[in-house]
Amino acid sequence: MQAESNAQGWRKIAVQSWQVMTLGLLLSVVSFPSLAAESLEAELTSLEAQSVTGDWQATEERLDALAPQLAEADPALQVRAGLIRARNAAIGGNEDRGLAMLEELLEQAPTDALRLDVHSLTANLAMNIGRYAKAFEHLGHGLDLLDVVDDPAPRARIYGHAAMIYTRMGEYEQATRFGDQAVAMARETGNRRELCVELERLSNAETETRGWIARHATISDAERTCEAANDELFGAAMIRKRGLLYRDRGEWAQALVVLAQAREAIGELGFARGMIVVDLDRAEMLIEMGELEKAEGLLDGTIETLEARGDLMDLERALIAAAELAEARRDHESAAQYYRRAREIRIEWEERERDLRRTYLRTAFETEIQRQELELLREQARVADLEATTQRQRRLFMGLGYAATAVVSVMLFVLLMRSSRERRHFRRLSERDSLTGLLNHSHFFACAQQALDEARADEQGFVLVLADIDHFKQFNDTHGHAAGDGALRKVAALFHRVFGEDAVIGRVGGEEFALALPAWNREGTLARIHRFRRKLEPLSYDGQRLQITLSFGLVEAGEDLSVRAMHRLADEALYEAKGAGRDRVVEADHERLDPVDQ
Ligand SMILES: Nc1nc2c(ncn2[C@@H]2O[C@H](COP(=O)(O)OP(=O)(O)OP(=O)(O)O)[C@@H](O)[C@H]2O)c(=O)[nH]1
């Protein structure tokens, strides 16, 4: 009784489509991590298994019964129940509702692993009903989640769906890579049913990418695994595939035996479409072998059934087989009719395929464009970053440059100031007497000449005076050299004080001084010398008061007298003053002037 109801359930499911059946199968192998609410969890696990081997309506009823418990349950359990309901809706013919439910589940899924399963199921369902763009979109999102989901079960499922969809696209290389991953992941789960499904998908991808031996190994592995997992449907499908492998190698007798086994197994399951497909396989071979009667028996009613179902690919195959059969019987008119119809079906089929291909290419293209745009944005951000850094560096360098320039300028300024100060210092050293600060001999006479020239130009008077400290040797000898220095400094300071800023004053010998007095005359000069002599107080030194005196020679500028000539005259006058007893002023006698000096 149980077996009968199961078989009925299978028939209902089989009415939908081969692919939709795989959805249920997939869900049955889910091994979600154990959560709280043990009993509910166990119930759900049993439901997931039943959704494959039993009637989807029965699972729906059980889910309804669980509704109150589920409303209070952990979100993860709710999403698992939701996945079964979405699949049920699709199998029940309400694919749009199934897809809408999956959209909601995506919002609710509390973990990346569950979100990955929702994407997997959405991609599979969308693909089966020709919503290719949606299928590719969800497949892409699912594959993206592989980076963050470690659980091998959902990983195996998304890889498996990718393998299936890429095989459908004719992208066999990529499909094989996904198929290998799916099988590897399924082996990790230790779940035989999962592995059975993924081996079947890999075997589809491998048809165009691998040799006979590799394909045979995959198919045999799948056959054994599906049998061990008690998955009769996939087991039967694998037997058929093994038969086709023999056919491909030309081992027709062996192929027919194996295909007959497959037909029997599929027939036991009541899987109508599966039976038609295997009959077609066998009919095609029998026609080639010339066994026309047997082939005709297998094809009988096939075309009508497939037309009713709208299975275009299988219908085309059946029409071609019928055409070949008619041709073999020399019924060319019927053959031509079958071929014509087959062509029409092919055009219709290809139109659908083109649509699929276009969607795939558009999606792939859009993804590529998005990737490029993203890359461009990243590049732009990198350039902007680089520009900002360069700008910062330029500003920094400019700042440093300004600072360096400022530092160098300050240093230069300081150096300039110092050097000009030093220049002034050295010039002063070269022009002045270091002890008294008065002009030295050579600078005094240069300045005196200049002052004389200016006085003459201004038609003003000019007087030159020489003064010499009396008995200075004796003073030095008596009181010491330092006292002598003090006396020299005192005399110099007094000259300045008495004759003022306009007088050019120099120390022109050891204890000899000279004064050039522009705009002065002899009377004024004599009066001022007398004031000087009065003011020359005794020098206090070492507790003693030391009085010094000076002798003076004075000369007033006559017409065309040079400073040199005036110096000679003044010197003579001074000599006279010394000879006359010192401490006095003698005026020069112009008459005594040697003509050479003028
Ligand atoms: N303390 C000191 N003595 C100096 C300096 N320059 C020259 N003398 C001294 O000045 C003295 C000049 O001596 P003399 O030329 O003989 O003349 P005097 O002793 O002043 O005698 P009369 O000029 O004839 O009155 C020497 O003893 C020099 O050593 C100086 O810078 N400091």
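Residues numbered from 1 in each chain as written. Predicted model: local features only at pLDDT ≥ 70, side-chain atom pairs only at ≥ 80, totals over all residues. Heavy atoms only, no water.

A few points about the overall build of the chain
Helices and strands together make up the secondary structure of the chain, namely 24 helices and seven strands. Once local pairs closer than 6 in sequence are excluded, the contacts in the chain between residues at least 24 apart make up 64%. When the accessible surface of the chain is split by element, carbon and sulfur atoms take 50% of a total near 31,000 Å². (Helix = DSSP H or I, 4+ residues; strand = E, 2+ residues; numbered from the N terminus. Contact = heavy atoms within 4.5 Å. Areas by Shrake-Rupley, 256 points an atom, 1.4 Å probe, with all protein chains shown as cover.)

Quick look at the nonpolar core
Grouped together as the largest cluster of nonpolar side chains are 54 residues, with contacts concentrated most on Leu 102 and Leu 139. If sequence neighbours within four positions are ignored, Leu 139 has contacts with Ala 123, Ile 158, His 161, Ala 162, Ile 165 and Tyr 166. Listed in part, the 40 residues of the second largest apolar core include Met 285, Ile 287, Ala 321 and Leu 325. (Core = buried A, V, L, I, M, F, W, Y, C linked by side-chain atoms within 4.5 Å. Buried < 20%, exposed > 50% of the residue type's maximum accessible area, 1.4 Å probe, protein only.)

Points about the packing of aromatic side chains
Scanning all chains against the criterion turns up ten aromatic pairs. Centroid distance Phe 495 to Phe 532: 4.3 Å. Interplanar angle 5 degrees. Geometry classified as stacked. Highlighted residues: Phe 495 in helix α22 (residues 481–499) and Phe 532 in helix α23 (residues 522–535), separated in sequence by 37 residues. One exposure class covers both Phe 495 and Phe 532, and it is buried. Taking NZ or CZ as reference, Arg 249 lies 3.8 Å from the ring centre of Trp 212, over its face. (Phe/Tyr/Trp six-rings, centres within 6.5 Å; stacked < 30°, edge-to-face > 60°. Lys NZ or Arg CZ within 6 Å of the ring centre and 35° of its normal.)

Things to note about the side chain of Glu 512
Within the secondary structure, Glu 512 is located in strand β3 (residues 512–518). Despite being buried, Glu 512 has no salt bridge partner; Lys 578 is the closest side chain of opposite charge, sitting 8.2 Å away. Beyond its immediate stretch of four places on either side in the chain, Glu 512 contacts Leu 466, Ala 467, Asp 468, Gly 506, Arg 507, His 567, Asp 571 and Leu 574. (Lys, Arg positive; Asp, Glu negative; His and termini not counted. Salt bridge = Lys/Arg side-chain N within 4 Å of Asp/Glu carboxyl O.)

Let's talk about the environment of Gly 98
Locating Gly 98 in the fold gives a position in helix α6 (residues 95–108). By relative accessible area, Gly 98 is classed as buried at 0%. Along the primary structure Gly 98 and Ile 84 are separated by 14 residues, whereas in three dimensions their C-alpha atoms are 9.7 Å apart. Ignoring any residue separated from it by four or fewer positions in sequence, one finds Gly 98 in contact with Ala 86, Ala 89 and Leu 125.

Structural notes on the UniProt feature "transmembrane region" (unreviewed entry) in the chain
In the numbering adopted here, UniProt assigns the feature "transmembrane region" (unreviewed entry) to residues 396–417. Between the first and last C-alpha atoms of residues 396–417 the distance is 31 Å; the span itself is 100% helix and 0% strand. (UniProt positions renumbered as here; feature names shortened; annotations may be inferred.)

With respect to the pairing of strand β2 (residues 504–507)
Covered by surrounding structure in β2 are Val 504 and Gly 506 together with Ile 505 and Arg 507, the residues of both alternating faces. Pairing of β2 with β3, which is carried by four bridges, proceeds in the antiparallel orientation. If you follow Arg 507 over to β3, its bridge partner there is Phe 513. In textbook terms, the turn of a hairpin is the stretch between consecutive antiparallel strands, and for β2 and β3 this stretch comprises four residues. (Pairing = 2+ DSSP bridges.)

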